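# Geometric and topological summary
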Amino acid sequence: MSRTVQATCPLCEACCGLLFTVEGGGVTRIRGDRDDPLSRGYMCAKGAALPELHEDPDRLRRPLRRTARGWEELDWSTALDLAADGLRAVKQARGPDAVAVYRGNPNAHNLGLLLFGHGVIRALGTRNVYSPTSMDQLPHMLVALRMYGHQLLMPVPDLDRTDFLLVVGANPLASNGSAMTSPAVGQRLRAIQRRGGRVVVIDPRRTRTAERADQHLFIRPGRDALLLAAMLQVIFAEGLERPGRLGAFVDGLDAVRAAVVPFTPSRVAGPTGITAETIVALARELAAAETAVVYGRIGTSVQAHGVTCQWLIQLLNLVTGNLDRPGGLMFTSPAVDPLGILRLSEPGTVGQWRSRVQGLPEFCGELPVAVLGEEIRTPGEGQVRALLTVAGNPALSMPGGPALDRALAGLDFMVSVDLYLNETTRHADIILPPLSPLEREHFDLVFNILAIRNVAKWSAPVLTPPAGALGDWEILSGLHRRLAEGRRQRAMAALLGRLGPRRLLALALQIEARGAGLLPFSGRLTFRRLEAAVHGVDLGPLEPRLPARLRTVEKRIDAAPAGFIADLARLDPFRQPSAAEGLDLQLIGRRSLLSNNSWMHNLPRLMAGADRCTLLMHPVDAAARGLSNGGLARVRSAYGVVEVPVEVTDAVMPGVVSLPHGFGHDHEGTRLSVAAARPGVNVNRLIDPRAIDPVGTTSVLTGTAVAVSALGRGRLSSSRRGHRA
Ligand SMILES: Nc1nc2c(c(=O)[nH]1)N[C@H]1C(S)=C(S)[C@@H](COP(=O)(O)OP(=O)(O)OC[C@H]3O[C@@H](n4cnc5c(=O)[nH]c(N)nc54)[C@H](O)[C@@H]3O)O[C@H]1N2
Ligand SMILES: Nc1nc2c(c(=O)[nH]1)N[C@H]1C(S)=C(S)[C@@H](COP(=O)(O)OP(=O)(O)OC[C@H]3O[C@@H](n4cnc5c(=O)[nH]c(N)nc54)[C@H](O)[C@@H]3O)O[C@H]1N2
Ligand code: SF4
Ligand SMILES: [Mo]
């Protein structure tokens, strides 16, 4: 007997609806669900690999403890006791801040981790809380907080209705869309073109998205703020601004107008690599389009002026009248609204506390990842001596490379909640492996806030979990109950544990319903209706939400937050990015459809084919260094060195090289047999954690100055092999 189960893919922000055929306890077939209101049948190779992830013999099934004789399996209650005892011991001996918590990217895709992570952090009482936010979307959140009054008020492109899409520093055809839940984005871009619209891409690399676009412009890495400021300058200088209905709710446009005056197209042309005429034409086209969206993603966030980029992107949408209107950049109306539910979600905070060593400010309850390594290494009161990682792989994902790896190795105690024994969790004393993604229930709390259409979907587990195994939420709930202090905390931990994610979600929907009249979907979506709609509930296209949805005190948009204006004043078009002696190239990253940051490299079907961890280099640059396709190159930055094969291609602009992140699976002591066979190198060995955007404390991961030299074909020097350990 076979049955078909509908479920949302939890791997990336596209949140595709998938159909699983289940037979004899396993998945025998998987395909895209054509009745899903958003993904309409789309599925990528990673989704198709979910059964392989489930079956992966290297995926951990039982808790592990490190011993002198190697890893030992534990039963769950012993494992949770030992984990909690170890964390508590460090807290008691060295104070709460001595225990750090790092929650990785998959937390955002996991209902249980989202609902139960906070309790553990509260119980630990630590200020050393970290996540990839500060190497990712922090600039978007800070801009949302300052302009619209809430960190989560991040408007998304109304892709299905726009006539003109300007993509800056994003490659949705590889990433499947980010800060914009829009599955099948390739089809959606094609649809823009079919209805007579245009897609333009600004990127130092001719990506798949750029190839699909009507126009692609190379830009020098890290120079987007200049381009965006110049576009605004043209719009103001030519009197093209028309903020429309929202004009009455905006403060500070005159300050913006004055601040962009120096950024004329002719001044920024040289530094950006885009001609003045092209910049003027782009600004005019944006202003003239019936509807338009400027959309910028990670390429414009993880640079020295990342916040300024995201701010200027909001302004371009605003002054051309495209903010909060169909076909423009719009705010969502999620069924479970974090802004609505009893105001449970904080608007956002900056600088409530500072990091001990460098004094960098907290943002929304977290410190920047840039400081984790030094907080572990630097002795003194408040030094981090224990770490809890939850679904994260900082050993590969954070800037810092070997220094960070050594810091993790030197901790007194470490616990990891993770599916694998990988580069990070190999340092743990206790590893707590959750059920596989196919064995857990799912609802998107985060990505419904960022979806290009209002949708909601409940997914029951596809497969029945093995008896006695624990899901992510049960693991965190178990830690929470053990770590909770005082009667109130203990009672809360016990209550949450009894409810579980499913009943908490049902409760959230009930609370939404009570707010009848305040929220567009109040009372319309009960948990029963949600559960019955196995393909998902379509709540319709995005609707204008301003000014009602603003969370600023006066319910007005602040177009000119002081810190942002000041950063613009610091932007000198002619200042070269600081390049130490001989570092004459700029390094950018890239993503592949077949990767998911640093994980999923252990699945044979995703690792088949050509080596993906290669250095892309322009033919002119390669020839100048005596490098050809497949030749080995030594890449050196002011911070570190890697050795990697070269792929010569004119898809990168001259002067720019590209290396993906998430590789470097050549550490001893991992259990990743497939990944370790093709380890690649860790690009973060080249990136100095001290490189940050001072406005938003986001790590600068793009535009790193590097030198590249030839090593000869097939010759690996000892420094590549030498870092096994
Ligand atoms: N398949 C797959 N999907 C993923 C992920 C994955 O690893 N694999 N990761 C997920 C995560 S965590 C995230 S945050 C999202 C990210 O989603 P995207 O932002 O779409 O990610 P990228 O594909 O890295 O695209 C960034 C683009 O910016 C360009 N770029 C680099 N530097 C600059 C610059 O200075 N200026 C400009 N204009 N462009 C620049 C790069 O060449 C690249 O094409 O993807 C998510 N989706
Ligand atoms: N140089 C450079 N560095 C980057 C980036 C870049 O573009 N360039 N991108 C940055 C970005 S945007 C991000 S988001 C970060 C990602 O950084 P991280 O979140 O630290 O890294 P991931 O590779 O996503 O690691 C996810 C971990 O979670 C585990 N895992 C997967 N699913 C589950 C689950 O359901 N439950 C549990 N408990 N564990 C699970 C995996 O085994 C893996 O160990 O990397 C950042 N680092
Ligand atoms: S695009 Fe993302 S959500 Fe869709 S199947 Fe692929 S990994 Fe899953
Ligand atoms: Mo990310």
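Numbering of residues starts from 1 in every chain and runs along the sequence as written. Chains carry letters from A onward and ligands carry numbers from 1 onward, assigned in written order. Restriction of local features to residues with pLDDT of at least 70 applies here, the model being predicted, together with a cutoff of 80 or more for giving and counting side-chain atom pairs; totals for whole chains, interfaces and linings are based on all residues. Hydrogens and waters are ignored; side-chain quantities use all the structure's heavy atoms.

Under an unreviewed UniProt entry, the name given to the protein is Anaerobic dehydrogenase, typically selenocysteine-containing, and the organism recorded is Thioflavicoccus mobilis 8321.

## Topic: the overall build of the protein
By the criteria applied, helices consist of DSSP H or I runs no shorter than four residues and strands consist of E runs no shorter than two, each listed in order from the N terminus. Of regular secondary structure, the protein possesses 25 helices and 30 strands. Computation of the radius of gyration draws on C-alpha atoms, with the globule rule given as 2.2 Å multiplied by the number of residues to the power 0.38. The C-alpha radius of gyration computed for the protein amounts to 25 Å, which stays within 12% of the reference 27 Å derived for 725 residues, consistent with globular compactness. For the protein, the residues scored as buried account for 62% of the 725 residues in total. A separation threshold of at least 6 residues defines the contact pool for the protein, and within that pool the share at least 24 residues apart is 75%. Element-wise, carbon and sulfur atoms account for 52% of the exposed surface of the protein, whose accessible area totals about 26500 Å². Burial here depends on accessible area, computed with a 1.4 Å probe over protein chains only, as a share of the maximum for the residue type. Under 20% is buried, over 50% is exposed, and the range in between is partly exposed. Residue contacts are counted whenever heavy atoms from the two residues lie within 4.5 Å of one another. Surface accessibility follows the Shrake-Rupley procedure with a 1.4 Å probe radius. Residue values consider only the protein chains on display as shielding.

## Focus: the site of ligand 3
By convention in these notes, a residue is near a molecule or strand provided one of its non-hydrogen atoms lies within 4 Å of it. Around ligand 3, the surrounding shell consists of Cys9, Leu11, Cys12, Ala14, Cys15, Cys16, Tyr42, Met43, Cys44, Lys46, Gly47 and Asn176. By the convention adopted, Pro, Cys, Tyr, Trp, Phe, Met, Ile, Leu, Val and Ala count as nonpolar, Lys, Arg, Asp and Glu as charged, and the other residues, Gly among them, as polar. Of the residues contributing to the shell around ligand 3, the split by class is 9 nonpolar, 2 polar and 1 charged.

## Digging into the site of ligand 1
Near ligand 1 lie 31 residues; those nearest to it are Asp203, Asp224, Ser595, Asn597 and Thr702. A 3.5 Å cut-off defines polar contacts: any pair of N or O atoms within that distance qualifies, except that in protein one atom must be a possible hydrogen donor and the other a possible acceptor, and neighbouring residues in sequence count only when both atoms are side-chain atoms. A distance of 2.8 Å separates a nitrogen atom of ligand 1 from a polar atom in the side chain of Arg591. Compared with its free state, where it exposes 910 Å², ligand 1 has 97% of that area covered by protein. Looking at the shell around ligand 1, the elements with two or more residues in it are α6 (172-175) and α13 (298-301).

## Things to note about the UniProt feature "domain: 4Fe-4S Mo/W bis-MGD-type" (unreviewed entry) in the protein
With numbering matched to this structure, UniProt assigns "domain: 4Fe-4S Mo/W bis-MGD-type" (unreviewed entry) to residues 2-58. Within the segment residues 2-58, helix and strand shares are 18% and 37% respectively, and the terminal C-alpha atoms sit 27 Å apart. UniProt positions are given in the numbering used here, feature names are shortened, and annotations may be inferred rather than shown by experiment.

## So, the domain arrangement of the protein
Where each domain starts and ends comes from a domain assignment, either automatic or drawn from a database. Segmenting the protein into domains produces domain 1 (64-135 + 338-540), domain 2 (158-331 + 555-570) and domain 3 (585-713). Put simply, the middle of domain 1 and the middle of domain 2, counted by C-alpha atoms, are 34 Å apart. By buried area we mean the combined loss of accessible area, with a 1.4 Å probe, across both parts when two parts are placed together. Of the roughly 570 Å² buried where domain 1 meets domain 2, counting both sides, 61% is carbon and sulfur surface. When the area that domain 1 buries against domain 2 is broken down by residue, the three leading residues are Met135, Leu450 and Ile452, summing to 80%. There are 2 residue pairs in polar contact (both at pLDDT 80 or more) connecting domain 1 and domain 2. Tallied by class, the residues present in the side of domain 1 that touches domain 2 amount to 5 nonpolar, no polar and no charged.

## A word on helix α17 (residues 402-409)
The complete set of buried residues in α17 reads Ala403, Leu404, Asp405, Ala407 and Leu408. Structurally, α17 contributes buried residues whose contacts are with α15 (372-377), β17 (386-390) and α16 (394-397).

## A word on unusual backbone geometry
Residue Pro547 follows Leu546 across a cis peptide bond; omega there is 5°. Take Pro547: it is sitting in the loop between β21 (537-541) and β22 (557-558). A positive phi angle, near 55°, is found at Cys15, a position not held by glycine. Position of Cys15 relative to the elements: it lies in the loop between β1 (2-8) and β2 (17-23). By relative accessible area, which is 13% here, Cys15 ends up buried. Phi at Asn176 takes a positive value of approximately 65°, unusual for a residue other than glycine.

## Notes on the sheet that holds strand β9 (residues 164-168)
Two strands are counted as paired when DSSP detects at least two bridges linking them. An order of β11-β10-β9-β13 is seen for the 4 strands of this open sheet, with the pairing classed as parallel. This sheet does not close on itself; its edge strands, each paired only once, are β11 (215-217) and β13 (293-296). Recorded for the sheet is a direction-independent mean angle of 15° between the axes of neighbouring strands. With 4 bridges connecting them, β9 and β13 associate as parallel partners. Orientation is described by lines fitted to C-alpha atoms, with helices fitted over the stretch in contact, and by angles between N-to-C directions that extend from 0 to 180 degrees.

## A few points about the pattern of salt bridges
By salt bridge we mean one thing: a side-chain nitrogen of Lys or Arg within 4 Å of a carboxyl oxygen of Asp or Glu. Within the structure shown, the criterion is met by 27 salt bridges. Across the pair Glu485 and Lys91 runs a salt bridge whose closest N-O atoms are separated by 3.2 Å. Residue Glu485 is located in the loop between α18 (472-483) and α19 (486-514), and its partner Lys91 is located in helix α3 (residues 76-94); the two are separated by 394 residues in the primary sequence. The class of Glu485 is partly exposed, set by a relative accessible area of 40%. Salt-bridge contacts for Arg161 lead to Asp158; the nearest nitrogen and oxygen are separated by 2.7 Å. Judged by its relative accessible area of 32%, Arg161 is partly exposed. Residue class for Asp158 comes out buried when judged on its relative accessible area of 2%.

## Here's the deal with the side chain of Ser595
Turning to its location among the elements, Ser595 is positioned in the loop between β23 (585-588) and α22 (604-607). Residue Ser595 is classed as buried on the basis of its relative accessible area of 12%. Here the side chain of Ser595 touches His601 through a polar contact of 2.9 Å, side chain to side chain. At 3.0 Å, the side chain of Ser595 and the side chain of Arg612 are in polar contact. What Ser595 contacts, discounting residues up to four positions off in sequence, is Lys46, His601, Arg612 and Phe663.

## Here we look at the pairing of strand β3 (residues 26-32)
Relative to β3, β2 runs antiparallel, the two being bridged by 6 bridges. Counted as the bridge partner of Glu23 is Gly26 from β3. The antiparallel pairing of β2 with β3 creates a hairpin that spans 2 residues between the two strands, and Gly24 there sits at a positive phi of about 55°.

## Description of the state of the cysteines
Any cysteine sulfur atom paired with another within 2.5 Å is treated as part of a disulfide. This structure, assessed with the given rule, holds 0 disulfides. Cys309 carries a free sulfur, and the closest cysteine sulfur to it, the one in Cys364, is 20 Å from it. The class for Cys309 is buried, based on a relative accessible area of 0%.

## Looking at the packing of aromatic side chains
In this scheme Phe, Tyr and Trp rings, the latter by its six-membered ring, pair at centre separations within 6.5 Å, and the angle between planes marks the pair as stacked below 30 degrees, edge-to-face above 60, and tilted otherwise. Following the criterion strictly, the structure yields 4 aromatic pairs and no others. Pairing Trp458 with Phe527 gives two aromatic rings, centres 5.2 Å apart and planes at 70°, and the pair type is edge-to-face. Of this pair, Trp458 sits in the loop between β20 (453-456) and α18 while Phe527 sits in helix α20 (residues 527-532), and the two are 69 residues apart along the sequence. Across the pair, Phe527 and Trp458 agree in class, each one buried.

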